[in-house]
Structures are given as structure tokens and as C-alpha cells.
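Here are the chains, one letter per residue:
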Protein chains: 2
Amino acid sequence: MDIKLPSLQALVRTIQQVPAISPRHIHKVAHFFLTMNTLEREQFCQTIMTSCKNLEECVTCCSWKEVSGTCLFCDDPKRDKTIICIVETWHDLCSIERTNSFNGVYHVLGGSLNPLEGISPEDLTLMTLKQRVLAGGCKELILAMNQTPEGEATTAFIAHMLKECSLNMTCLARGLPVGGSLEFMDKLTVHKALTERRAF
Amino acid sequence: MDIKLPSLQALVRTIQQVPAISPRHIHKVAHFFLTMNTLEREQFCQTIMTSCKNLEECVTCCSWKEVSGTCLFCDDPKRDKTIICIVETWHDLCSIERTNSFNGVYHVLGGSLNPLEGISPEDLTLMTLKQRVLAGGCKELILAMNQTPEGEATTAFIAHMLKECSLNMTCLARGLPVGGSLEFMDKLTVHKALTERRAF
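Everything quoted here is computed from the prediction, not taken from an experiment.

A. Local environment of the sheet that holds strand β4 (residues 104–108) of chain B. Residues and elements named next belong to chain B. With parallel pairing, four strands are arranged side by side in an open sheet as β4-β3-β5-β6. Looking at which strands have only one partner, the edges of the open sheet turn out to be β4 and β6 (168–171). When the angles between neighbouring strand axes are averaged without regard to direction, this sheet yields 25 degrees. Examined bridge by bridge, strand β3 (residues 80–87) and β4 share five bridges and lie parallel to one another. Bridge assignment links aspartate 80 to a residue of β4, and that residue is glycine 104. Across the face of the sheet, helix α4 (residues 90–98) comes into contact with β3 and β4 while running at roughly 160 degrees to β4. Contacts from helix α5 (residues 126–134) reach β3, β4 and β5 (140–143), with the element oriented near 150 degrees to β4.

B. Main features of empty space enclosed by the protein. This model, assessed by the stated rule, comprises one cavity of 30 Å³ or more. As a volume, the largest cavity reaches approximately 90 Å³. Taken together, 13 residues form the lining of the largest cavity, with Val18(A), Phe33(A), Phe44(A), Val18(B) and Phe33(B) sitting closest to its centre. Secondary-structure elements contributing two or more residues to the lining of the largest cavity are α2 (26–35) and α3 (38–53) of chain A together with α2 (26–35) of chain B. Residues that form the lining of the largest cavity fall into these classes: 13 nonpolar, no polar and no charged.

C. Quick look at α5(B). All names here are of chain B. Within the sequence span of α5, burial applies to Leu126, Leu129, Arg132 and Val133. The buried side chains of α5 occupy one side of the element, clustering within an arc of 120 degrees when seen end-on. Exposed positions of α5 whose direction lies more than 90 degrees from the buried face are Met127, Gln131 and Leu134. At its buried positions, α5 is contacted by β3, β4, β5 and α6 (149–161). With its phi angle positive at about 85 degrees, glycine 136 sits one or two positions after the end of α5.

Rules used throughout
Residues numbered from 1 in each chain as written. Chains lettered and ligands numbered in written order. Predicted model: local features only at pLDDT ≥ 70, side-chain atom pairs only at ≥ 80, totals over all residues. Heavy atoms only, no water. Pairing = 2+ DSSP bridges. Helix = DSSP H or I, 4+ residues; strand = E, 2+ residues; numbered from the N terminus. Axes fitted to C-alpha atoms, helices over the stretch in contact; angles between N-to-C directions. Contact = heavy atoms within 4.5 Å. 1 Å grid on protein atoms, 1.4 Å probe; cavity = no way out; pocket = protein on both sides within 12 Å on 5 of 7 lines; lining within 4 Å. Points joined across faces, edges and corners; volume = space filled by probe spheres on them. Nonpolar A, V, L, I, M, F, W, Y, C, P; charged D, E, K, R; others polar. Buried < 20%, exposed > 50% of the residue type's maximum accessible area, 1.4 Å probe, protein only. Arc of directions from axis to C-beta.

The structure is reproduced here in C-alpha cells:
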């Protein structure tokens, strides 16, 4: 910030905390708040406060649920509790839900192992997962972590942690994304698509 | 939103109002608010409320000033009040200030003319500008609107509105951006750079 207005600097610093707003757009967002009237601004802040107060993590799967309600997944009698899909974050869960092709339950880790950023196994919900699996009733674990170095390290860690539970562990299929061209794909993806080819 | 949690939906709808957050990142931002503790969240909202309350538009140049303070530009005795640089928005003003190469004063229009989005001359601070120019004391007007169809329409409108004031009106130089290659430049820019060439 170049403009020497303390209130403006405080506003910009606050907005900078929010992820996914690029530094190029900080001034645009500041302007958005400044041009709201006081009532609109109060309503904006009020909704954030109230919504967040009304949500909590489910003690079983660690995804979000209404404080006053039941878990959309764990407490749904139509869902198959014997298949647990492990995802890194809640947005990954949303990506899977959006497909309408999974009817089991979830386990949200809350991130992936990242020693450089100081994220160790204790920072994730791994103990909850282990207890959940040890409690029995689970037949298949889908390791749906991202295809990043961190995601793969987390997958390996979980596979190792639960190897004695003699569970059916699966992972997401790897290959060409739908709509993708061979030409523009990295060589590792093409290699995986080739070696893991299937009957037509 | 696919997940049927009313509080989460309210939170997402609130965040969707903020410009410059892409739909892909809405869940990430919601997660950011949800994982804050109540105190941090209160401080976040409090800063937005207080900062915005402490800022107001300067009645002369329409840029932001502290309610309790003077305008950084209009009330600065070191600035040349005879040169007014007209910009569309406050972020454009910041872009110019960042260069440290302008010592005049500003006039913030609050946008550009855009009939398709219903932005007509009355929605901009054009009347304030006209009164300011008619009050005298201004020798040069720099028309620093963006090189977009809307920006150029606004430039033409202002030039026409003030044509009887016999002022020295200038606009920003057009040509190759610093660091740009001819190869990647659109033909209109190359044409302008060529026709408006200057002595080396």
C-alpha cells in the first residue's frame, strides 16, 4: 500500500488474510466494502458470524454439519457406512459429492502432510480415522487424496498406518481427464494412462 | 452449492458478493472463515466495520480520505492544483501514485460510462468535475481513463463536456509497454506506437 491512510491500510491488511484473493485485486475488494452502506456491511459481517457459529465439525467424519442438526453423511441411513472415502479437505468432498456417483461416507483429513509447512500427522484427523477403522464395520477405504507430492505422501502414510487392519484399500483411477488431449498432457499422466489401460 | 446446510449456503452466498473471488475458490474462502476462532472472526469483521466508517470520499476529488483527516492530495500544499488527472477508479489512482511521477491532483470518476450495465453520466462524478473546472485555477486536465471501449467513451464524453472551458487536455501516451515484445503485441498497439513515434 502506498496511500498513507491508516484505516485503509488496516482494511487492506485484513482483506489480505483471505486466501484466493490475488494481491492485484486487494484494492478492488477494499473498494467493494467501502462503497457498501453501513447496513449492508453489518449484514455481511453478521452472516459470516452467525453462519460460522451454526456450523461445527462432525465428530465422526470431520466434515461440516449444522450445530443443531445431524451429519449429512454419517447420519444418513441411505448411505453405505462400510465404504469410507478419505479426502484432504472439505472442498474435495464437495467435488466428489457433485458427481452424485458415491454413496458411501467420508473422512476429511483437514489437509495433507507437508513437513516444509510444518503439517505433521498430529495436525490431521488421522487418529480419529484409525479409531474409526479399528471400531470395525468398514470394508473398503478409498484413498482419494490429490495427485500432488503431499497428497501421495499422505496416502502412503495412511496405507502404512492401517496396513494391519486387513482392509480393502483403493485409490482413484489415474489417466487422461475427460476432454483432455494427449498432446497437452504431461508424460507421467500419459505413462499412467498407458500402463493402467483397461479393456474397451 | 450442493451440500444442503442452510448456514453454509448463507455463508457461501455472502462470500459470492465479493468481487475478485472466483467461483472455484468460494469453498476455500468459506473454509477460511469456518476455521478461524470466534475472536479472530470478530476482529476481522470489526476491522472492516471500523475502517470503512473511518473513511469517506473527498468532496473535491472523490478519492478516499480519513473522516478525521484532510485529503492526501487536495490538501497537500506541495501538490500542483493546476493539473488535474482524471481516473476511473481509486485503484487506477493507486497505480499512478505508485510511480511517484505525478505531482498534481486527481479526480476519481467512480467508473466509466457503460450503457449495457446501466452506468450513465449521472452515476459518475462528472458534475463535480465540471463545477471544479468552472471554478477556475485548472490549467491542464489529464484524461487517464483506461484504453477500453468504456474508458474511451468516457474520455470522449468529458472532452465534449468541457470543450468550451479552453483547457489544455492531454491523455496518456500509447505504445509498447516496457518489457513488451513487438511479436506478442496486438496490431492496434503496434500501429499506435508507430504513428505516435518520437525522436530517439
